[in-house]
Amino acid sequence: WFAISQYAPSDTGRTWASMSLGQSSPLTYEDMGMGYQYFTAAHWSLTQMTPGSMQVQPENSCERIYNIICLIIGMIFFSSIISQLSAKLMQYRSVRHDRE
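Here goes a summary of the coordinates provided. (Residues numbered from 1 in each chain as written. Predicted model: local features only at pLDDT ≥ 70, side-chain atom pairs only at ≥ 80, totals over all residues. Heavy atoms only, no water.)

**Structural notes on the overall build of the protein chain**
Of the regular secondary structure elements, the protein chain holds three helices and zero strands. Each helix (α) and strand (β) of the protein chain, taken in turn from the N terminus, gives the series α-α-α. For 100 residues, the compact-globule estimate of 2.2 N^0.38 gives 13 Å, and the protein chain exceeds it by more than 25% at 20 Å. By its C-alpha atoms, the protein chain is 70 × 25 × 20 Å across when sized along the principal axes. Buried residues in the protein chain amount to 24% of all 100 residues. Accessible surface computed for the protein chain: about 7300 Å², of which carbon and sulfur atoms make up 62%. (Helix = DSSP H or I, 4+ residues; strand = E, 2+ residues; numbered from the N terminus. Rg over C-alpha atoms; globule rule 2.2 N^0.38 Å. Buried < 20%, exposed > 50% of the residue type's maximum accessible area, 1.4 Å probe, protein only. Areas by Shrake-Rupley, 256 points an atom, 1.4 Å probe, with all protein chains shown as cover.)

Below, the structure is given as structure tokens:
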């Protein structure tokens, strides 16, 4: 996410890093320096794989495509975890039922 904002072409002329920090702030993510941008990107990455949210969003096609890929991977990841937990629970219930 960080690298995409730095190196990928932008069809809109904007990236998430060029957007304002908030409605009342004149500063952008680019104004805050490399460390702040990197940790904002790390925070964004975690929110894509968990049911969290944050105000950073895609601002061009490259960012949007990457965002969609991350959401699909996150959906598959969490679906597989839920599936495995359900299978283990059913296996536990079956073993417990057989003992009775």
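**What to know about the packing of aromatic side chains**
Tallied over the entire structure, the rule returns nine aromatic pairs. Ring centres 6.0 Å apart and planes at 25 degrees place the aromatic pair W44 and Y66 in the stacked group. Of this pair, W44 sits in helix α2 (residues 34-49) while Y66 sits in helix α3 (residues 61-99), placing them 22 residues apart in sequence. For Y66, a relative accessible area of 30% puts it in the partly exposed group. Members of the aromatic cluster, each reached through a chain of ring pairs, are W1, W16, Y29, Y36, W44 and Y66. (Phe/Tyr/Trp six-rings, centres within 6.5 Å; stacked < 30°, edge-to-face > 60°.)

**Remarks on the environment of M49**
Tracing the backbone shows M49 in helix α2. When its relative accessible area of 27% is taken as the criterion, M49 is described as partly exposed. Measuring from C-alpha to C-alpha, the distance between M49 and L89 comes to 24 Å, with 40 residues separating the pair along the chain.

**Section: a nonpolar patch on the surface**
Together, I68, I72, M75 and I76 line one region of the surface with nonpolar side chains, adding up to about 390 Å² of accessible area. Along the chain, M75 falls in helix α3. You can call M75 exposed: its relative accessible area is 52%. (Patch = residues over 30% accessible without salt bridge, like charges linked within 9 Å, V, L, I, M, F, W, Y side chains within 5 Å. Salt bridge = Lys/Arg side-chain N within 4 Å of Asp/Glu carboxyl O.)

**Description of the nonpolar core**
With ten residues, the main nonpolar core is built from W1, F2, W16, A17, L21, Y29, A41, W44, V56 and C70. Apart from the residues lying within four places of it in its own chain, the contact partners of A17 are S5, T28, Y29, E30 and Q37. (Core = buried A, V, L, I, M, F, W, Y, C linked by side-chain atoms within 4.5 Å. Contact = heavy atoms within 4.5 Å.)

**A few points about α3**
Between its first and last C-alpha, α3 extends 57 Å over 39 residues, near the 57 Å set by a 1.5 Å rise per residue. Buried within α3 are the following residues: E63, N67, C70 and G74. Tucked into the core, α3 has its buried residues touching α1 (2-7) and α2. If you check the start of α3, you find a side-chain oxygen 3.1 Å away from the backbone N of C62, and it comes from N60. (Expected span 1.5 Å × (residues − 1). Polar contact = N/O pair within 3.5 Å; in protein donor to acceptor, adjacent residues only side chain to side chain.)

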